[in-house]
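Here is what each chain is made of, one letter per residue.
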Protein chains: 2
Amino acid sequence: MRINLDDCISFAKESEFDNIVIKARQANELLKSRKGKGSDFLGWMDLPDKITDEEIQNITVTAKKIQMQSDVLVVIGIGGSYLGARAAIEALTDTLNKKGTEVIYVGNNISGKYVESVLEYLKDKDYSLNVISKSGTTTEPAIAFRIFREALYEKYQNEAKNRIYVTTDKKTGSLRKISDKENYISFEIPSDVGGRYSVLTPCGLLPIAVAGIDIKQMVDGARYSLNNCEEMCIQYASARNLMYSLNKTIEIMVNYDPSLHYLTEWWKQLYGESEGKENKGIFPAGVDNTTDLHSMGQYIQEGIRNIFETVVYLKDDMSSICIPDTNDNSDGLDYIKNKQLQYVNKMAMKGTKLAHVNGNVPVIFIEIEKMDAFTYGQIVYFFEKACGISGYILDVNPFDQPGVEAYKKSMFKLLGKPGY
Amino acid sequence: MRINLDDCISFAKESEFDNIVIKARQANELLKSRKGKGSDFLGWMDLPDKITDEEIQNITVTAKKIQMQSDVLVVIGIGGSYLGARAAIEALTDTLNKKGTEVIYVGNNISGKYVESVLEYLKDKDYSLNVISKSGTTTEPAIAFRIFREALYEKYQNEAKNRIYVTTDKKTGSLRKISDKENYISFEIPSDVGGRYSVLTPCGLLPIAVAGIDIKQMVDGARYSLNNCEEMCIQYASARNLMYSLNKTIEIMVNYDPSLHYLTEWWKQLYGESEGKENKGIFPAGVDNTTDLHSMGQYIQEGIRNIFETVVYLKDDMSSICIPDTNDNSDGLDYIKNKQLQYVNKMAMKGTKLAHVNGNVPVIFIEIEKMDAFTYGQIVYFFEKACGISGYILDVNPFDQPGVEAYKKSMFKLLGKPGY
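Residues numbered from 1 in each chain as written. Chains lettered and ligands numbered in written order. Predicted model: local features only at pLDDT ≥ 70, side-chain atom pairs only at ≥ 80, totals over all residues. Heavy atoms only, no water.

## Overview of the relation of the copies chain A and chain B
Between chain A and chain B, which share one sequence, the superposing operator has a rotation angle of 180 degrees and an axial displacement of 0.0 Å; the RMSD is 0.0 Å. The operation mapping one copy onto its partner corresponds to a two-fold rotation axis. For chain A, the smallest separation between a C-alpha atom and the rotation axis is recorded for Ala285(A), amounting to 3.6 Å. Here 100% of the interface residues in chain A have copies in chain B that are interface residues too; the copies meet face to matching face. (Least-squares fit on C-alpha atoms with pLDDT ≥ 70 in both. Contact = heavy atoms within 4.5 Å.)

Rendered as structure tokens:
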């Protein structure tokens, strides 16, 4: 992993950047001192060091059991309780050509149409449930757990309880109570880790392991970042806050591979939920290129100039496919015949970067050598730590989400929930 | 389809809205006079009236042939050449429980990893190709056509040519030449219809028909809008430009059903590409709720107040599933036991709308009775026409996309394309 800020900080005076880097270093010290805002939710900081081999072994063994017993693992969770796992699974496995146990996601919406479709899909498949919720009372996963648990018991009767895996708080919450009462296999979410920072807890690690990904490697990668990426975090946090100070209030996360789509979705939650408060913060958006060059590309090139980009570029996507030599140039492609698609994609990325910079869109460039579990762990920890620093530069609490309660309160009142 | 602007125009003075409505009516007259900017690309305007029963019959017959011969139709296209079809197919079919011929999409990126994955997926399946490109020279689909055509010929030899369906310009362009030379079955894209307005041409209609959707109904729905939705278009175009005049420069398209995700993607291209020019225009973004209430929700509720929302709400999603009565309230859900998910989802929508309006996010509310082909056609024409009006209010050419060329030029130079 490397970061290059040349095409970003060139839009400001050197002194402006230097001043923000000073602030970022202070923010980083504040983070490390554990005396800043939201410091009761800093469990993610040393998580890669704290996870024991035994815990990883325990998750891996359970994952193997799930793989043996099920065609499908149904993950029940919303927000941070599923996005981290989904992002990793999309980036690291071939979801079109599923091998082994497939992971699907419910409890992340309240669509009857969607739930009926999933129930139909599961009809002639063996499946297990992994319900992920710190409290157990978040409405969406709670509803889904009621529905899918009932379906599971109907299908497997007494055997059903061996197909339910609970990831929740160690002691408190309704889901912990249910789990203990029914004797379900359960995993703990550390009480000092918030949802959007939870991918390296069993929240993320169990589904990721079921998908066949080496979670030991992933944790090792995160640990590598913990020990080595501090300066890179400071650079990224500084650059985006420099942009913010220049009224570039929209950050677009850009990839050049569709398998990274959900990494962007994970990042959008991480940064949007951490910083979007007190009427401030950068609006996080995403594009998948080159797809969206033919959609959002026009706006990015020529719309309101309040945009900057962060490109996450995968240097080697492990493919070898080339453009065939067809002895027929009627499509005019012979100038790139026998070239690898990877090469053409790289030139598309470079060309786009040039065009956007020329169009007054600053670009932060992050390059990843190749995508594997270790690298993925690196990426996760890098973005998490940079987010903490960035939030402190902005002087908000990057570890709470008070605004998420607003819709819940209104909804509960409309639904007649006792106490609202 | 109904539109309600109460929670939007309440953020401005009545006279401000009235003044913009006057502008919108003028813009609509300009559009109808065919004398405004980009008037050589107004073919979409009377498209629903111009499509003949014979053309629809022709597309339907070909679609049936494809259904008979293939498990998979591989659509090769980027931007407007696939988004319209994909949005319709996701909204109108159950993509998890595929029945009949599956539609998949390539040529909408240059990822070697993705292309290799699709080739692997097709290995033991029967498939056909529908290559969609006005010129045939757009890089992404041209590359994909070369690769997948070669694979097709390798698999089917002489039979391959009966599995290639070309949608391109009537007379000009390299794809027309290839098609005529090889005698492929081909369909015409009217020269006066741009990509993002092309869903009701064979671009969209052929893949949509292959997916089993009644395209006659869809065109009828569009025709209904053509004759009946003018005032609604004026209202929507006025409301969003009112927001723009109040520095609400981000519009978030909101749904409450994941099947509408790609409708939002289609809308993002339509509006972003039409208006994002001359350093102006509203930045189009999207969220799928309630999913993204646990991701972007915090920002929308409490971030920078430059956001407004357009909710597209599906009143009846045709599901009947209820929250089971489990005789066990340990999850605390008994206050909604036996309620339909649809009902809970509706209360989530209402609660969110309330919370956002209270948080100073204006809401434009569009309600759809139920999702069927007729309604989908209505929606498409409504958003297209409102977009033309909106672009004219903004005083841009809503029918060109000059900025899309910028990355292409840089990329071609890097790739050593002759002439660059």
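## Quick word on the packing of helix 11 (residues 230–245) of chain B against helix 15 (residues 373–394) of chain B
Each pair of packed helices can be described by the angle between their axes along with the distance between the axes. Residue and element names in this part refer to chain B. Contact geometry for helix 11 and helix 15: axes closest at 8 Å, N-to-C directions at 45 degrees. Classed by the angle they form, the pair helix 11 and helix 15 counts as oblique. Crossing angle aside, the handedness with which helix 11 passes helix 15 is right-handed. Contacts from Glu230, Met232, Cys233, Ile234, Tyr236, Ala237, Ser238, Arg240, Asn241 and Tyr244 in helix 11 reach Phe382, Phe383, Lys385, Ala386, Ile389, Ser390, Ile393 and Leu394 in helix 15. Considering only residue class, the contact of helix 11 with helix 15 consists of 12 nonpolar, three polar and three charged. (Axes fitted to C-alpha atoms, helices over the stretch in contact; angles between N-to-C directions. Helix = DSSP H or I, 4+ residues; strand = E, 2+ residues; numbered from the N terminus. Parallel < 35°, antiparallel > 145°, perpendicular 65-115°, else oblique. Left-handed = near helix turned anticlockwise from the far one by under 90°. Nonpolar A, V, L, I, M, F, W, Y, C, P; charged D, E, K, R; others polar.)

## Topic: the packing of aromatic side chains
In total, this model carries 35 aromatic pairs over all chains according to the counting rule given. Centroid distance Tyr313(A) to Phe365(A): 6.2 Å. Interplanar angle 25 degrees. Geometry classified as stacked. You can see Tyr313(A) sitting in strand 9 (residues 307–316) and its partner Phe365(A) sitting in strand 10 (residues 363–370), a full 52 residues away along the chain. Taking relative accessible area as the criterion, Phe365(A) reaches 12% and is therefore assigned buried. A network of ring pairs unites the aromatic residues Tyr236(B), Trp266(B), Trp267(B), Tyr271(B), Phe382(B) and Phe383(B) as a single cluster. Note that Lys339(A) overlies the ring of Tyr343(A), its terminal NZ or CZ placed 5.1 Å from the centroid. Geometry around Tyr156(B) places Arg163(B) over its ring, the cationic atom sitting 3.9 Å from the centre. (Phe/Tyr/Trp six-rings, centres within 6.5 Å; stacked < 30°, edge-to-face > 60°. Buried < 20%, exposed > 50% of the residue type's maximum accessible area, 1.4 Å probe, protein only. Lys NZ or Arg CZ within 6 Å of the ring centre and 35° of its normal.)

## Things to note about the state of the cysteines
All names here are of chain B. By the definition in use, this model includes zero disulfides over all chains. Free cysteine: Cys203, not disulfide-bonded; nearest cysteine sulfur from Cys387 at 17 Å. Residue classification places Cys203 among the buried residues on the basis of a relative accessible area of 2%. (Disulfide = S-S within 2.5 Å.)

## Some remarks on the nonpolar core
When a protein is soluble and globular, its nonpolar side chains tend to lie buried together. Within the largest apolar cluster, 128 residues are counted, with the highest numbers of intra-cluster contacts made by Phe283(A), Trp266(B), Phe283(B) and Phe383(B). The greatest single-element share of this core, amounting to 13 residues, is contributed by helix 15 of chain B. Once you skip the residues sitting within four places of it in the chain, Phe283(B) turns out to touch Ile250(A), Ile252(A), Phe283(A), Ala285(A), Met296(A), Tyr299(A), Ile307(A), Thr249(B), Ile250(B) and Glu251(B). The next biggest cluster of nonpolar side chains, apart from the first, holds 87 residues, and it includes Ala237(A), Tyr262(A), Tyr271(A) and Ala373(A). (Core = buried A, V, L, I, M, F, W, Y, C linked by side-chain atoms within 4.5 Å.)

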